[in-house]
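# Reading the structure
Listed below, chain by chain, are the residues.
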Amino acid sequence: SFQDACISDTCLPAFRQYLADQYGAVDALNASLETSYTSFEEAMPLSLDDAQATGQYPRWADHRMYMDQLFVNVHRDAKEIIREIDPGARVGFEGPIMDNSWTGYAWKKLMDVVDMMVVYPNQWKFDIVRSFGRPGLVSGGWYGGYAMYRNPDDTRFYPWFVLFNGCNGYYW
C-alpha cells in the first residue's frame, strides 16, 4: 500500500493543529469522524488500508488534505528562505508527475505560492497552470529529454502547444 501517513515528531503535532484549525472544537471533530477523542492530541492519521477496512474515509481524507497543505507550506517556506538571499528570485518547481491522493498537489493553493511551474506534456496540467497561475508566473513544459518525446513531428508541434497554452518557457 502507499505510504500515506507521516507521523513524525513534526508532522503529528502539525496534523493535530490542522484538525483544530479545521474543526475548531473536539466535539465537531468527533461528530464528523464518528470518534470519541477528548482532545485533538489524541487524533491519529488513518492509512488508506485501515480506512477501507473500517469505512472511516474522512479520517484518511483529513490527513491527505493536511499533507497537501504541508506540501504547499514547504514551497512557501522555501521561497521565503531563498528570497532572503535573492529578493528577486523566481521560486517554484518542475515536473509534477502524478495527480492523485499521494502526491500533494492542492493546485490552487500551490499556484498561489510558486513563481515558476514547469509541467510535463499533459493537457490537463497546462489547463491547471493556465487557470490558477498568477500574473508573472514563469511557466512552461518539459520536452525532448525522454525517448518517447523525441518524435520529429511532436518536437515541431510542442513549442506551439506550450505557447498557445499560455506558457512563457520551453524546457528541454
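Summarised in this report is the structure supplied together with it.

The rules behind the values
- Residue positions are given per chain, counting from 1 as you read along its sequence in written order.
- Two thresholds apply to this predicted model, a pLDDT of at least 70 for residue-level local features and 80 or more for giving and counting side-chain atom pairs, whereas whole-chain, interface and lining totals are computed over all residues.
- As a convention, hydrogens and water are excluded, and side-chain values are obtained from all of the structure's heavy atoms.
- Strands here mean DSSP runs of E at least two residues long; helices mean DSSP runs of H or I at least four residues long; both are numbered from the N terminus.
- To estimate how far a helix should reach, multiply one less than its number of residues by 1.5 Å.
- Throughout, a residue-residue contact means that at least one pair of heavy atoms, one from each residue, lies within 4.5 Å.
- Basic side-chain nitrogens of Lys or Arg form a salt bridge, by our definition, when they fall within 4 Å of a carboxyl oxygen of Asp or Glu.
- Classification of residues uses two cut-offs on accessible area relative to the type maximum, computed with a 1.4 Å probe and protein chains only: under 20% is buried, over 50% is exposed, and between them is partly exposed.
- Patches here: salt-bridge-free residues with over 30% relative accessible area, like charges joined within 9 Å, nonpolar side chains (Val, Leu, Ile, Met, Phe, Trp, Tyr) joined within 5 Å.
- In short, Shrake-Rupley with a 1.4 Å probe defines the accessible areas, and a residue's cover is counted only from the protein chains shown.
- We call Phe, Tyr and Trp rings a pair once their centres come within 6.5 Å, taking the six-membered ring for Trp, and we label the pair stacked below 30 degrees between planes, edge-to-face above 60, and tilted otherwise.
- Only buried residues count toward a nonpolar core. Its members are Ala, Val, Leu, Ile, Met, Phe, Trp, Tyr and Cys residues joined through side-chain atoms within 4.5 Å.
- Any two strands are treated as partners once DSSP identifies two or more bridges connecting them.
- We call a crossover right-handed when, viewed with both strands directed away from the observer, the connection leading from the first strand over the helix to the second proceeds clockwise.
- Inter-axis angles, ranging from 0 to 180 degrees, are taken between N-to-C directions of lines fitted to C-alpha atoms, where helices are fitted over the stretch in contact.

### Some thoughts on helix H4 (residues 57–85)
Taking 1.5 Å of rise per residue, 29 residues should cover 42 Å, and H4 covers 43 Å from first to last C-alpha, within 8% of that figure. Those residues of H4 hidden inside the fold are in contact with helix H1 (11–23), helix H2 (26–33), helix H3 (48–54), strand E1 (92–94) and helix H5 (107–113).

### Structural notes on the pattern of salt bridges
Evaluation of the coordinates by the stated rule reveals seven salt bridges. Here aspartate 115 makes a salt bridge to arginine 83, at a shortest N to O gap of 2.4 Å. With a gap of 32 residues between them, aspartate 115 in the loop between H5 and strand E2 (116–119) and arginine 83 in helix H4 connect regions that are remote in the sequence. Relative accessible area serves as the criterion here: at 28%, arginine 83 is assigned to the partly exposed category. Between aspartate 115 and arginine 134 there is a salt bridge; the shortest N-O distance is 3.4 Å. In this pair, aspartate 115 sits in the loop between H5 and E2 while arginine 134 sits in the loop between helix H6 (123–132) and strand E3 (138–142), placing the two residues 19 residues apart along the sequence.

### Some thoughts on a nonpolar patch on the surface
A cluster of nonpolar side chains, contributed by Trp160, Leu163 and Phe164, occupies part of the molecular surface with about 400 Å² of accessible area. Among the secondary structure elements, tryptophan 160 is positioned in helix H7 (residues 152–164). The exposure class of tryptophan 160 is exposed, given its relative accessible area of 51%.

### Considering the packing of aromatic side chains
Using the criterion set out here, one finds 13 aromatic pairs in the structure. Pairing phenylalanine 126 with tyrosine 158 gives two aromatic rings, centres 6.4 Å apart and planes at 70 degrees, and the pair type is edge-to-face. With a gap of 32 residues between them, phenylalanine 126 in helix H6 and tyrosine 158 in helix H7 connect regions that are remote in the sequence. One exposure class covers both phenylalanine 126 and tyrosine 158, and it is buried. Note on phenylalanine 157 and phenylalanine 161: the rings are 5.6 Å apart at their centroids and 35 degrees apart in plane angle, and the pair reads as tilted. Of this pair, phenylalanine 157 and phenylalanine 161 both sit in helix H7, separated by four residues, roughly a single helical turn. Judged by its relative accessible area of 16%, phenylalanine 161 falls in the buried class. One aromatic cluster is present, formed by Phe126, Phe157, Tyr158, Phe161 and Tyr170 through successive ring pairs.

### Some thoughts on the nonpolar core
Leu110, Met111, Met117 and Phe126 are the most contacted members of the largest nonpolar core, which has 21 residues in total. At the level of secondary structure, the elements contributing two or more residues to this core comprise H5, E2, H6 and H7. In terms of residue count, the dominant contributor to this core is H5 (four residues). Apart from residues lying up to four places away in sequence, methionine 111 is in contact with Met117, Val129, Phe132, Gly133, Arg134 and Leu137. Counting 14 residues, the second-largest nonpolar core is a separate cluster that includes Val26, Leu33, Tyr37 and Phe40.

### Observations concerning the pairing of E3
In this structure, E2 lies alongside E3, joined through four bridges in parallel fashion. Its bridge partner lying in E3, methionine 116 is registered against valine 138. Since E2 and E3 lie parallel, the crossover through H6 that links them has a hand, and here it is right-handed. Two strands pair when backbone bridges link them, and E3 and strand E4 (residues 169–171) are joined in this way by three bridges, in the parallel orientation. Its bridge partner being in E4, glycine 140 is matched across the sheet by glycine 169.

### Points about the sheet that holds E4
The parallel open sheet is built from four strands, whose spatial order is E1-E2-E3-E4. Looking along the sheet, the strands with just one partner apiece sit at the ends: E1 and E4. Across the sheet, the mean angle separating the axes of adjacent strands is 20 degrees when strand polarity is ignored. The sheet contact formed by E1 and E2 spans three bridges and is parallel. Bridge pairing links glycine 92 to methionine 116 in E2. Set on the sheet, H7 makes contact with E2, E3 and E4; between it and E4 the angle comes to about 145 degrees.

Geometric descriptors of this kind do not, in isolation, establish any biological role.
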